Amino acid sequence: MKGYRLLTSDIRAAMQKQKFFLIAGVIFALQWISGYLEICSDPVGIKSNLEFSLGEMFLYCFQGIDPLLDTDGAVVLRLPIGWLSVFLEAHFSVIGYAENFTLYGQQYFFRSGNRSWWWISKCIWNVSTTVLYFALGFTVYGLLTFFRGGSLKLEKMEGFLLLIILVCISWNLFQMYISMYVGTFIGILISIVTLLSSVFIYSPLLPGNYLMYLRTEKFMGNGMKTVNGYYIVSLLTVIAIVGGILKSRHLDYLVEE
């Protein structure tokens, strides 16, 4: 099977089987409603006829929480449920398709003719799905803001939104890669644990810290540096793509009928 035919048929088949990314519409809508209600309850906010913007709504969605330390240095246990739901669903959107060994997948594997291209095709599907997830969510945010009379200005959030998408893409690729070794369930469990750890552990080594605006250098003097986020993105992407190619060359894709 030629490369481009493998890619197009693979993406088409994946989209037919993997529709978790469509839940983005519901999750982002609920997040927007929650943020809008909170802003409305602010006496200096919308109730005073001040303009609210798309950038402010995104800030609410992706603000996360401050590093979990109170004035005495003790850890304060809090969970940003809305924030977690957005990114957990982003991980679930790419779960299972590439690493689940089925008769259908076995045909793609053998007919690809090139194991490296087989893996690259899966990576392209992974990236496409993640982008679709955020594109759908951002569209919902934009439409809701527009119909409620808000401004579509991003308030200098463009760079942060780009970093969010890239971090999620790189982690979803890495999740797909490690799932080839440990299976789908353990792979998504690792993603969940890593995301939760980012809430409680303030460390530049945990990708989730770069997904919270309140922990960025733009908000905190000693916050997470954007450049380090791009280093994490590059490292995870290279490991996933190169590691997956090497793994696919030694993969026995046999399924018992």
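Report on the accompanying structure. (Residues numbered from 1 in each chain as written. Predicted model: local features only at pLDDT ≥ 70, side-chain atom pairs only at ≥ 80, totals over all residues. Heavy atoms only, no water.)

**Considerations on helix H4 (residues 81-92)**
Step number 1: In a regular helix each residue adds 1.5 Å, so 12 residues correspond to 16 Å; H4 covers 16 Å between its end C-alpha atoms and thus fits that length.
Step number 2: Among the residues of H4, Gly82, Trp83, Leu84, Val86, Phe87, Glu89, Ala90 and His91 are the ones counted as buried. (Helix = DSSP H or I, 4+ residues; strand = E, 2+ residues; numbered from the N terminus. Expected span 1.5 Å × (residues − 1). Buried < 20%, exposed > 50% of the residue type's maximum accessible area, 1.4 Å probe, protein only.)

**Digging into a nonpolar patch on the surface**
Step number 1: Nonpolar side chains collect at one region of the surface, where Tyr181, Val182, Phe185, Ile186, Leu189, Ile190 and Val193 lie side by side and expose about 630 Å² of accessible area between them.
Step number 2: At five residues, helix H8 (residues 184-200) tops the list of elements feeding residues into the nonpolar patch.
Step number 3: Within the secondary structure, Leu189 sits in helix H8.
Step number 4: The partly exposed category is assigned to Leu189, whose relative accessible area is 35%. (Patch = residues over 30% accessible without salt bridge, like charges linked within 9 Å, V, L, I, M, F, W, Y side chains within 5 Å. Areas by Shrake-Rupley, 256 points an atom, 1.4 Å probe, with all protein chains shown as cover. Salt bridge = Lys/Arg side-chain N within 4 Å of Asp/Glu carboxyl O.)

**Re the packing of aromatic side chains**
Step number 1: Summed over the entire model, instances satisfying the criterion amount to 22 aromatic pairs.
Step number 2: For the pair Phe28 and Tyr133, a centre-to-centre distance of 5.9 Å together with 65° between the ring planes defines the contact as edge-to-face. Residue Phe28 is found in helix H2 (residues 24-40), and its partner Tyr133 is found in helix H6 (residues 115-147); the two are separated by 105 residues along the sequence.
Step number 3: Judged by relative accessible area, which is 0%, Phe28 ranks as buried.
Step number 4: Owing to a relative accessible area of 0%, Tyr133 belongs among the buried residues under this scheme.
Step number 5: Ring geometry for Tyr177 versus Tyr181: centroids 5.4 Å apart, planes at 85°, classification edge-to-face. Here Tyr181 and Tyr177 lie together in helix H7 (residues 158-182), a separation of four residues that amounts to about one turn.
Step number 6: With a relative accessible area of 14%, Tyr177 lands in the buried category.
Step number 7: With a relative accessible area of 48%, Tyr181 lands in the partly exposed category.
Step number 8: In this structure an aromatic cluster arises from ring pairing among Phe28, Phe58, Phe62, Trp83, Phe87, Tyr133, Phe134, Phe138 and Tyr141.
Step number 9: Directly above the aromatic system of Tyr181 lies the positively charged group of Lys247, at a separation of 4.5 Å from the ring centroid. (Phe/Tyr/Trp six-rings, centres within 6.5 Å; stacked < 30°, edge-to-face > 60°. Lys NZ or Arg CZ within 6 Å of the ring centre and 35° of its normal.)

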